[in-house]
Amino acid sequence: MMGQDDRAKLPSEFELIRRIRTFLPPMDSNVLLGVGDDTAAVQPTSDMVTLLTTDTFVESIDFNKAWSSWSQIGWKCMAANYSDIAAMGGIPRHALTTLCLPEDRILDEVEELYKGFKDLATHLSQPVSIVGGDLSATGGPTVISITLTGEAKKERITTRSGARVGDVVCLTGHVGASETGLALLQSSHTLPSTRGWLDQYQGTIARHRTPIPRVLEGSVLSRSRSVHAMIDVSDGISSDALHLCRKSGVGLKLDGRVLPIAQETASAMEKLKINPIRTALNSGEEFELLCAVDPEKMESLADELVNCTSTTLTPIGEIVDADQGYTYTDNTGTYTLCPEGYEHFRK
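Residues numbered from 1 in each chain as written. Predicted model: local features only at pLDDT ≥ 70, side-chain atom pairs only at ≥ 80, totals over all residues. Heavy atoms only, no water.

Draft legend 1. View of the layout of surface pockets. Put simply, the second largest pocket is a space of about 380 Å³. Forming the walls of the second largest pocket are 22 residues, and the residues nearest its centre are Ile 17, Val 35, Gly 132, Gly 133 and Asp 134. Residue assignment for the lining of the second largest pocket shows that the elements contributing at least two residues are helix H2 (13-23), strand S4 (91-101) and strand S5 (129-137). At 6 residues, the largest contribution of residues to the lining of the second largest pocket is made by S5. When its residues are assigned to classes, the lining of the second largest pocket shows 11 nonpolar, 6 polar and 5 charged. (1 Å grid on protein atoms, 1.4 Å probe; cavity = no way out; pocket = protein on both sides within 12 Å on 5 of 7 lines; lining within 4 Å. Points joined across faces, edges and corners; volume = space filled by probe spheres on them. Helix = DSSP H or I, 4+ residues; strand = E, 2+ residues; numbered from the N terminus. Nonpolar A, V, L, I, M, F, W, Y, C, P; charged D, E, K, R; others polar.)

Structure, rendered in structure tokens:
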């Protein structure tokens, strides 16, 4: 940790850049120029297509330091970008990180943020070179913006637009934990009697604080040629499934009764008295992969995925003609599927 003087305030901009460079992991061999020039310079890998994505995170809107440490915040911000690359069947490669920092931020917190970026890469064995970015002071909240590049073979890029009538809608892993984990943290803050639940449901809370983007899973799914369309669950299934179907020009029938929910998360939902199906449908920042799969290849693909990654692939619905609309079924009936996941600017 830094000394007491370092904790008093942030250093000047250029001194902070110098200090950040000491936090960064080693650059990969494709980086010709990293931090320190007007631009970074990167040599593309032969026969690969470059993927680009960006996400911005605003304190108190996209993250809350009351619920997470700065390293957990860094992990989650970078995970959102990894997940976008995973949804296209790509591998993350290089990042630009921009920070807008209020005067009460301290160097320890910036160091912890970058530690979170690195911890995610280490956990996934998917190193990313941070090759540049920007810094600014702000009179408002902390803002973190990350631009990430990835690489994929052109023929393996999987978009949202290829779903076909008859495809099985499948989901990696399990859902509902991110929103449930947040609800546990919020409950512990407002109702002291529930603080004991935090130890009981650490796995569920971890899915909110440090979600795991499905990078390896995305590669397995995209190379199979059995997946016709794919999207990551960042805003919630109810929203992201509609993004995929509208882009593909198809309809959807979802079965909410078969949505995969981890046993620990289901127990937490019961304690919190929240509806498991609606929570699983609408929970954002899950970073699972939702895909439309050739029905004749679904079972073999599920076997391959679990063998390669230990991650399950669960069928949760069917692609139908567009004129059949978008529906989901729960224990009480069948209803129109509406986008009830997170959306900025929604009134």
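We are not done yet, so read on.
Draft legend 2. How the structure looks around the confidence of the model for the protein. In this model, the protein carries an average pLDDT of 93, and 96% of its residues clear a pLDDT of 70 or more. Counting contacts from residues 1-6, a segment whose pLDDT is below 50, to residues more than four positions away or on other chains yields 9 contacts. (pLDDT = per-residue confidence, 0-100. Contact = heavy atoms within 4.5 Å.)

Draft legend 3. Region of interest: the environment of Thr 327. Mapped onto the fold, Thr 327 is located in strand S12 (residues 326-330). By relative accessible area, which is 19% here, Thr 327 ends up buried. Through-space distance from the C-alpha of Thr 327 to that of Leu 252 is 6.2 Å; in sequence the pair is 75 residues apart. Excluding residues within four positions of it along the chain, Thr 327 makes contact with Leu 252, Lys 253, Leu 254, Thr 334, Tyr 335, Thr 336 and Leu 337. (Buried < 20%, exposed > 50% of the residue type's maximum accessible area, 1.4 Å probe, protein only.)

Draft legend 4. View of the sheet that holds strand S7 (residues 168-172). Taking strand neighbours across the sheet as the criterion, the 7 strands line up as S8-S10-S7-S11-S9-S12-S13 in an open arrangement whose pairing is mixed. Each of the sheet's edge strands pairs with one partner strand only, and the pair in question is strand S8 (227-232) and strand S13 (333-336). Shown here is a sheet whose adjacent strand axes are inclined to one another by a mean of 25°, direction ignored. Here strand S9 (residues 251-255) pairs with strand S11 (residues 313-320) via 4 bridges, running antiparallel. Its bridge partner being in S11, Leu 252 is matched across the sheet by Ile 319. Docked against the sheet, helix H3 (residues 70-87) engages S8 and strand S10 (289-293), running at close to 170° with respect to S8. Where helix H9 (residues 237-248) meets the sheet, its contacts fall on S7, S8, S9, S10, S11 and S12, and the angle it forms with S8 comes to roughly 140°. (Pairing = 2+ DSSP bridges. Axes fitted to C-alpha atoms, helices over the stretch in contact; angles between N-to-C directions.)

Draft legend 5. How the structure looks around empty space enclosed by the protein. Taken as a whole and judged by the stated rule, the model has 1 cavity of 30 Å³ or more. When its volume is computed, the largest cavity comes out at roughly 30 Å³. Looking at the lining of the largest cavity residue by residue, the class counts come to 6 nonpolar, no polar and no charged.

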